[in-house]
Structures are given as C-alpha cells and as structure tokens.
Amino acid sequence: KAGVTQTPRYLIKTRGQQVTLSCSPISGHRSVSWYQQTPGQGLQFLFEYFSETQRNKGNFPGRFSGRQFSNSRSEMNVSTLELGDSALYLCASSQGRTFHGYTFGSGTRLTVV
Amino acid sequence: EDQVTQSPEALRLQEGESSSLNCSYTVSGLRGLFWYRQDPGKGPEFLFTLYSAGEEKEKERLKATLTKKESFLHITAPKPEDSATYLCAVQGNTDKLIFGTGTRLQVFP
C-alpha cells in the first residue's frame, strides 16, 4: 500500500516569498500532522488536521498555516519566508485518534536564501 | 509542559557491542511513548509504541522498555545497518506528539 507522499521533495525560495507544501496521507488515514525538523531544535509540532478541521496547533507564528481537504490530503503554507524557516518539513498520517503510531513521509527540504 | 530528553546525543559502537539509549520524559496523562528510527534524508520510521509502565516490546535486535519516568531502547549485538538516529516521542492529554532531539547511533564493522 502506498505510503505518505510529500511534494515537492526539494524547494528553494527567497526571503519574503511564500510557499505551499503538499501531503497525501495513506489511504484511509484521516489525520494529518505537520512537523518542522531542524538540526538544532529537532522535530517541532506545527499542527494536526482531522476530517478537515484543525485539531491541534504548535507554537509557531501565524505565517504558518495549513488546511485539509475532503480526501484527507493536506497542504501547509508559509508566508513571508525567513531564513530561519529553512528546514525539513515532515507530514505524518494516522487513522484517527490512534496511539498506534504515525507514518511519516520523506519530507520536503525547504531552503530559504 | 510535556518534555522529552534523550541521551546520549551520539553513540559509537563496535559491531556486536550491545548498549542502551535513554529517553526521559514528563507528560500529563501518558497515552503513548513512541520510538522511531530516522535515516539521513528520510522521514522517521515507526518502531514501537509503549502504553504503560512495565511494558516491553521487541523487534529483531531492538527491545524497548518503559517506566513511569523513562524509556530505554536496548540494542543487542548491533550491526552496521542499525546505524541511524533514534527518536523518542510522547503523546499525552494534549494529543500532540512531542519529540526528543534523538540519539545518533553509528555502528562500525
């Protein structure tokens, strides 16, 4: 069965621009979470969506936003990019309110120059 | 605030040399403690979920254990292919998955 698919894999943007990242969860999974991974901070929780509703949110500024569509696919958007936004952005999906583990995608590597 | 601390930050082992990785945590209402393995350039790969103190789970050369304050990932007779970063995460009443910064394991032949 197909895993979690994130597109694009790599992205280079300029400061001040905005970016949209996409995540397609495993078929049947209704929960999608987003994480930012940097060498210094590790994995930081951004937000979680379940059935098109944001269920949880991390401590990131409002420049970071997301949404989920009726087919469970999710997008996250970062506006007014800063150099510090350079990171690996990971998406994870699960069936729902499950504690059996989340399946991660391979991530989108965003570089802001 | 939920928090996870992993130690050591990095570990170098000879092939066959067993060792343990530590994950100390504080969480409100533990719902699950997770171990993941992450290879360079890839997303974390799920290994185990532990739900309550005293629980143990095994998979090949890996064994995870859980107490009320910490979890250990024991690696028995590791091989070079076990080299990776091992991540620990907890999920509590907030439902957020909170990760530690990981232990980078290198196993040399």
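Provided above is the structure to which this section pertains.
This report concerns the structure included in the present document. No experiment lies behind these values; they were computed from the predicted model shown.

With respect to the overall build of chain B
Now for step 1: When helices and strands are tallied, chain B shows zero helices and 11 strands.
Now for step 2: For chain B, the α and β elements follow one another from N to C terminus as β-β-β-β-β-β-β-β-β-β-β.
Now for step 3: Here the C-alpha radius of gyration of chain B, 13 Å, is about what a compact globule of 109 residues would show, namely 13 Å.
Now for step 4: Sequence-distant contacts, at least 24 apart, represent 54% of the contacts inside chain B between residues at least 6 apart.
Now for step 5: Accessible surface, chain B: about 5,300 Å² in total, of which carbon and sulfur atoms supply 47%.
Now for step 6: Each charge class in chain B can be summarised by its mean position, and for the 13 positive and 15 negative side chains these summaries are 2 Å apart.

With respect to the overall build of chain A
Now for step 1: Scanning chain A for helices and strands turns up zero helices and 11 strands.
Now for step 2: Element order for chain A, N to C, with α for helix and β for strand: β-β-β-β-β-β-β-β-β-β-β.
Now for step 3: By the compact-globule yardstick of 13 Å for 113 residues, chain A fits well, its C-alpha radius of gyration being 13 Å.
Now for step 4: Considered along the principal axes of its C-alpha atoms, chain A spans approximately 35 × 25 × 25 Å.
Now for step 5: A buried classification covers 50% of the 113 residues belonging to chain A.
Now for step 6: Long-range contacts, defined as pairs at least 24 residues apart, comprise 54% of the intrachain contacts of chain A with a sequence gap of at least 6.
Now for step 7: Total accessible area computed for chain A in this model is approximately 5,400 Å², and 47% of it derives from carbon and sulfur atoms.
Now for step 8: Across chain A, the mean location of the 12 positive side-chain charges is 4 Å away from that of the 5 negative side-chain charges.

Regarding the interface of chain A and chain B
Now for step 1: Contact with chain A, which involves 20 residues of that partner, is made by 19 residues of chain B.
Now for step 2: Roughly 1,600 Å² is buried in total at the junction of chain A and chain B, and carbon and sulfur atoms are behind 52% of that figure.
Now for step 3: Between the two partners, chain A and chain B, sit zero salt bridges.
Now for step 4: Taken together, chain A and chain B are joined by six residue pairs in polar contact (both at pLDDT 80 or more).
Now for step 5: Counting residues per element, the ones that place at least two in the side of chain A that touches chain B are strand 4 (31-38), strand 5 (42-50), strand 6 (53-57) and strand 9 (87-94) of chain A.
Now for step 6: Here the side of chain A that touches chain B is built from residues that sort into eight nonpolar, nine polar and three charged.

So, the environment of P80 of chain B
Residue and element names in this part refer to chain B.
Now for step 1: Within the fold, P80 resides in the loop between strand 8 (70-75) and strand 9 (84-91).
Now for step 2: Residue classification places P80 among the partly exposed residues on the basis of a relative accessible area of 29%.
Now for step 3: Among all residues touching P80, those that are not within four sequence positions of it are E15, V107 and P109.

Observations concerning the sheet that holds strand 3 (residues 19-24) of chain A
All names here are of chain A.
Now for step 1: Across the sheet, four strands lie side by side as 1-3-8-7; this open sheet has antiparallel pairing. Here the strands that pair on one side only, and so sit at the sheet edges, are strand 1 (5-7) and strand 7 (64-68). Ignoring which end each strand starts from, the neighbouring axes of this sheet average 20 degrees apart.
Now for step 2: Note that strand 7 and strand 8 (residues 74-78) share five bridges and pair antiparallel.

A short note on the state of the cysteines
Now for step 1: Tallied over the full model, the rule gives two disulfides over all chains.
Now for step 2: Bridging C23 of chain A to C91 of chain A, the disulfide has an S-S length of 1.8 Å. One quick way to see it: the torsion about the S-S bond of C23 of chain A and C91 of chain A is about -55 degrees, and its sign makes the bridge left-handed. Of the two residues, C23 of chain A sits in strand 3 while C91 of chain A sits in strand 9, which places them 68 residues apart along the sequence. Neither residue differs from the other here; C23 of chain A and C91 of chain A are each classed as buried.
Now for step 3: For C23 of chain B, the disulfide goes to C88 of chain B, at an S-S distance of 1.9 Å. Judged by the sign of its S-S torsion, about -60 degrees, the bond between C23 of chain B and C88 of chain B is left-handed.

What to know about the sheet that holds strand 1 (residues 3-7) of chain B
Residues and elements named next belong to chain B.
Now for step 1: Across the sheet, five strands lie side by side as 1-3-8-7-6; this open sheet has antiparallel pairing. In the strand order of this sheet, the two ends are held by strand 1 and strand 6 (56-59), each with one partner. Looking at each pair of strands side by side, their axes are set apart by 15 degrees on average, direction ignored.
Now for step 2: Alignment of strand 7 (residues 62-66) against strand 8, held across five bridges, turns out to be antiparallel. Paired with T65 across the two strands is F72, which belongs to strand 8.

Observations regarding the side chain of Q68 of chain A
All names here are of chain A.
Now for step 1: Examined against the element boundaries, Q68 turns out to sit in strand 7.
Now for step 2: A polar contact is formed between the side chain of Q68 and the backbone oxygen of R30, at a distance of 3.1 Å.
Now for step 3: Among residues more than four places away in sequence, those in contact with Q68 are R30, V32, Y49, F50, S51, E52, T53, R73 and S74.

Cut-offs used in this document
Residues numbered from 1 in each chain as written. Chains lettered and ligands numbered in written order. Predicted model: local features only at pLDDT ≥ 70, side-chain atom pairs only at ≥ 80, totals over all residues. Heavy atoms only, no water. Helix = DSSP H or I, 4+ residues; strand = E, 2+ residues; numbered from the N terminus. Rg over C-alpha atoms; globule rule 2.2 N^0.38 Å. Contact = heavy atoms within 4.5 Å. Areas by Shrake-Rupley, 256 points an atom, 1.4 Å probe, with all protein chains shown as cover. Lys, Arg positive; Asp, Glu negative; His and termini not counted. Charge placed at Lys NZ, Arg CZ, Asp CG, Glu CD. Buried < 20%, exposed > 50% of the residue type's maximum accessible area, 1.4 Å probe, protein only. Buried area = accessible area lost by both parts, 1.4 Å probe. Salt bridge = Lys/Arg side-chain N within 4 Å of Asp/Glu carboxyl O. Polar contact = N/O pair within 3.5 Å; in protein donor to acceptor, adjacent residues only side chain to side chain. Nonpolar A, V, L, I, M, F, W, Y, C, P; charged D, E, K, R; others polar. Pairing = 2+ DSSP bridges. Axes fitted to C-alpha atoms, helices over the stretch in contact; angles between N-to-C directions. Disulfide = S-S within 2.5 Å.

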